[in-house]
There are 2 protein chains.
Amino acid sequence: MTKTLFLGIIGVGGVGNAFLEQLGRLPTPPKLILLARSSQTLLAPSPGYSPAIPIASWDKATENESLVKCGALTPAEMVDYLGRAPGPTIVVDNTSDLGLAEAYPLFLRKGISIVTPNKKGFSQNLGLWDDIFAAATEGNALVYYQGTVGGTLPVLSTLRDLIATGDEVIRIEAVLSGTLSQLLGTYMPGSGTSTESWSSLVARAREAGETEPDPRDDLDGLDFARKLTIIARIIGLRVTGVDEILVESLIPVELRSLPSSSEGVEQFMNQLAQFDSRMYEAKEAAQKQDKVLRYVGSIDVPTRTIKVGLHQVVKNSRIAGLVGTKFVSMYTKRYKETPLVLEGGGGGGEITASGLIADLLKVMERLG
Amino acid sequence: MTKTLFLGIIGVGGVGNAFLEQLGRLPTPPKLILLARSSQTLLAPSPGYSPAIPIASWDKATENESLVKCGALTPAEMVDYLGRAPGPTIVVDNTSDLGLAEAYPLFLRKGISIVTPNKKGFSQNLGLWDDIFAAATEGNALVYYQGTVGGTLPVLSTLRDLIATGDEVIRIEAVLSGTLSQLLGTYMPGSGTSTESWSSLVARAREAGETEPDPRDDLDGLDFARKLTIIARIIGLRVTGVDEILVESLIPVELRSLPSSSEGVEQFMNQLAQFDSRMYEAKEAAQKQDKVLRYVGSIDVPTRTIKVGLHQVVKNSRIAGLVGTKFVSMYTKRYKETPLVLEGGGGGGEITASGLIADLLKVMERLG
């Protein structure tokens, strides 16, 4: 690694924070020249792109007189600034912003590589997916997005290796929502029992920061469906988008019209208890079969069926034992009888960030 | 990938065969210019290094008049030939030859990259290990050796990612002998029972080609110990070699002085039944605890204890359920309560070869 590499970071939330912390501990991090938060952007002054933003003290860097401060930049403005840096440049998108993801082709065509856990660019319409990879080829840039699915769990790279070496995926079974895995593993443990109601569990997890600020963003299953969309595309299925996935939402149908506002969240949390009996009935039905409830996704390649939803799974099975853990099981032409299994890590900022750092290091290795 | 890449293959056994078959199906394989078997070598004629050896019909290539045929080359001669190829060159070592592994630094210092499942270079003395990586840096060459431990199971790359991103491994538990996993999973299934004697099982597995030609090479645990040595070194333990691993051999002590000749194998197979009662007693003891016997390895980082041997493991546990499958469980600073788990594939030529192809593709990506 001899060339100087340049880095832009967009978004400094929980993952972004952990990412910056781990970035600062790399032996030779790239030069940080752009740091964008929702309404302010910090830049190394052009045309020299020096001094860089100090990674260790990034949160105090706004006080640094030699750096440029400005408001939010448009993607096109960021591309313009980063595209002129005097060396290979990488941008890390730590947001979940669709608008930004739609601009990936702009970055890539300018030769700016992308590392991101933002699922939007890869699970939206196929046109965007195709354009991202065409742009990467044209711009001779790289796109690494392992963080969209499994943190440091090497789901995408393992699938890519299988495909590249001529294997064929037949079926995938997965638990890819750490939050739903935690909630259901607690509601109905693989061994032992629990009497807590579903709504009380959800409320408690929300207070502990274990769900999204709006728990409906976990319960609707869409985030999980986006991950399956990405996996399906990697194994060669031309999935049009999340709309093609059969998603069983855990939001009671009566509550689906509540507004997405913060008021709507409170109304949802207040009314959820009225539907506790439904989850309880599902639990009872599973219990009778000596099974437990889990929120599971699957991709069946021969029938092109992709779905996520509540399943009764055998006690003592691998999936029954999960509490908050992610799990992917891959049946392929070569792994026919015993699948290739990856398991671990319920997400969380630190683990997601380390997946990003691992991707960043690979991009640096290839660009440097 | 624009540059022409050149490839040498040493060793065409079961893995080598499957490797060549998969290589032939790559969209843009490198130019095959050296193919070495035990006593004969096939070369593309220098100085043009053209025509290349046809990959699809490599086994008939000796009849090809335009190729050079000669006897076995020394490593130094191969380095000399490969080092003059007019582009980046990769050598795939499909042997388990220590002599060849000791010559890796020669290859690497000449800028020749290495892809191999040969454990010898990475599990022998630390001096060789250090020299290999120093030579790679000096020669600006790459060494990929994922195939030494887990085929397409991304054990080494996952560990490397964890370490590179600042995580610390605390403990590893593993089942890394597909053969012993198969034998013990059959001798004492996780559910159900079996009454077959140990010696009859071993004989049957040998006949089916599921053990090494000399089953003692599986039963002595050394191959597994070599894998643990490699893992231990990757996570930062300066292990001197296999001698530092506590290995419980499954070869009865009375039979350890039998010669390694084919006569010795037959004597071993004939006498093994005399010691069936020992395995049976171990089985009975486990049964009494409601446990099963498995051959398990572990690395405990704080106490620097590395061992492989027969263990009683709880029925219904992950490890108890394995029959012929490999398994690695990693407890780290970040994966503290629920480990990161990789599982799958008992080896076999096709899966080992696909791990090599995956490594080769990564090397091609970085060199091309």
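Residues numbered from 1 in each chain as written. Chains lettered and ligands numbered in written order. Predicted model: local features only at pLDDT ≥ 70, side-chain atom pairs only at ≥ 80, totals over all residues. Heavy atoms only, no water.

The name given to chain A in an unreviewed UniProt entry is Homoserine dehydrogenase, with Penicillium cosmopolitanum as the source organism. One UniProt comment on chain A, placed under Catalytic activity (unreviewed entry), says "L-homoserine + NADP(+) = L-aspartate 4-semialdehyde + NADPH + H(+)". (UniProt positions renumbered as here; feature names shortened; annotations may be inferred.)

Chemist: Outline the overall build of chain A, supporting the account with residue identities and numerical values.
Modeler: Broken down by element type, chain A carries 14 helices and 13 strands. Its C-alpha radius of gyration of 22 Å places chain A within 12% of the 21 Å reference for a compact globule of 368 residues. Across the 368 residues in chain A, those meeting the buried criterion constitute 55%. Excluding contacts between residues fewer than 6 apart, the proportion of contacts in chain A whose partners are at least 24 apart in sequence is 66%. Counting only carbon and sulfur atoms, one obtains 49% of the accessible surface of chain A, whose full area is about 14900 Å². For chain A, the distance from the average position of its 36 positive side-chain charges to the average position of its 41 negative side-chain charges is 5 Å. (Helix = DSSP H or I, 4+ residues; strand = E, 2+ residues; numbered from the N terminus. Rg over C-alpha atoms; globule rule 2.2 N^0.38 Å. Buried < 20%, exposed > 50% of the residue type's maximum accessible area, 1.4 Å probe, protein only. Contact = heavy atoms within 4.5 Å. Areas by Shrake-Rupley, 256 points an atom, 1.4 Å probe, with all protein chains shown as cover. Lys, Arg positive; Asp, Glu negative; His and termini not counted. Charge placed at Lys NZ, Arg CZ, Asp CG, Glu CD.)

Chemist: Describe the side chain of R334(B), with residues and values.
Modeler: Secondary-structure assignment places R334(B) in the loop between β12 (327-332) and β13 (340-343). Residue R334(B) is classed as buried on the basis of its relative accessible area, which comes to 11%. Excluding its chain neighbours within four sequence positions, the residues that come into contact with R334(B) are Q22(A), E350(A), I351(A), S354(A), T165(B), G166(B) and D167(B).

Chemist: Please give an account of the packing of helix α9 (residues 198-207) of chain A against helix α12 (residues 262-271) of chain A that cites residues and values.
Modeler: Residue and element names in this part refer to chain A. The N-to-C vectors of α9 and α12 enclose an angle of 140°; their axes lie 9 Å apart at closest approach. Between α9 and α12, the interaxial angle falls into the category oblique. Between α9, through V202, A203 and R206, and α12, the contact on the second element is made entirely by V265, E266 and M269. Tallied by class, the residues present in the contact of α9 with α12 amount to four nonpolar, no polar and two charged. (Axes fitted to C-alpha atoms, helices over the stretch in contact; angles between N-to-C directions. Parallel < 35°, antiparallel > 145°, perpendicular 65-115°, else oblique. Nonpolar A, V, L, I, M, F, W, Y, C, P; charged D, E, K, R; others polar.)

Chemist: Which residues make up the UniProt feature "domain: Aspartate/homoserine dehydrogenase NAD-binding" (unreviewed entry) in chain A, and what values do they have?
Modeler: Feature annotation in UniProt places "domain: Aspartate/homoserine dehydrogenase NAD-binding" (unreviewed entry) on residues 11-145 of chain A, given in this structure's numbering. Between the C-alpha atoms that bound residues 11-145 of chain A the distance is 16 Å, and the span itself is 36% helix and 19% strand.

Chemist: Explain the interface of chain A and chain B residue by residue, including any values.
Modeler: On the chain B side, the residues contacting the 35 residues of chain A number 35 residues. Taking both partners together, chain A and chain B bury about 2900 Å²; carbon and sulfur atoms supply 51% of that area. Its largest share of buried area at the contact with chain B, chain A owes to T165(A), R334(A) and Y335(A), together 19% of the area lost on that side. One can count eight salt bridges joining chain A with chain B. D161(B) is paired through a salt bridge with K362(A); the nearest N and O atoms lie 2.8 Å apart. Along the contact surface separating chain A from chain B lie 10 residue pairs in polar contact (both at pLDDT 80 or more). Mapped onto the side of chain A that touches chain B, the elements with two or more residues apiece are α7 (155-164), β13 (340-343) and α14 (349-367) of chain A. A total of nine residues in the side of chain A that touches chain B trace back to one element, the largest contributor, which is α14(A). Looking at the side of chain A that touches chain B, its residues break down into 15 nonpolar, 11 polar and nine charged. In terms of strand pairing, β13(A) meets β13(B) through three bridges, oriented antiparallel. (Buried area = accessible area lost by both parts, 1.4 Å probe. Salt bridge = Lys/Arg side-chain N within 4 Å of Asp/Glu carboxyl O. Polar contact = N/O pair within 3.5 Å; in protein donor to acceptor, adjacent residues only side chain to side chain. Pairing = 2+ DSSP bridges.)

Chemist: Describe in detail the relation of the copies chain A and chain B, supporting the description with residues and values.
Modeler: Rotating chain A by 180° and translating it 0.0 Å along the rotation axis places it on chain B, where the RMSD comes to 0.0 Å. The superposition operator between the copies reduces to a two-fold rotation axis. Within chain A, the C-alpha atom positioned nearest to the axis of rotation is that of L342(A), 2.4 Å from it. With an isologous cut-off of 70% or more, the 100% of interface residues of chain A that recur at the interface of chain B puts this contact in the isologous class. (Least-squares fit on C-alpha atoms with pLDDT ≥ 70 in both.)

Chemist: Let's hear about the domain arrangement of chain A: which residues, and what values?
Modeler: Residue and element names in this part refer to chain A. Under the domain assignment used here, chain A contains domain 1 (6-151 + 350-367) and domain 2 (155-346). Between the C-alpha centres of domain 1 and domain 2 there is a distance of 30 Å. In this complex, domain 1 contributes 14 residues to the contact, which on the side of domain 2 involves 20 residues. Of the roughly 1500 Å² buried between domain 1 and domain 2 on both sides combined, carbon and sulfur atoms contribute 60%. Viewed at the interface, domain 2 and domain 1 are joined by two salt bridges. Put simply, D223 and K119 hold a salt bridge, and the shortest N to O gap is 3.3 Å. On the surface where domain 1 and domain 2 come into contact, there are six residue pairs in polar contact (both at pLDDT 80 or more). Where the side of domain 1 that touches domain 2 is concerned, the elements lending two or more residues are α5 (120-123) and α6 (126-139). When the residues that make up the side of domain 1 that touches domain 2 are grouped by side-chain class, the tally is six nonpolar, five polar and three charged. (Domains from an automatic or database assignment.)

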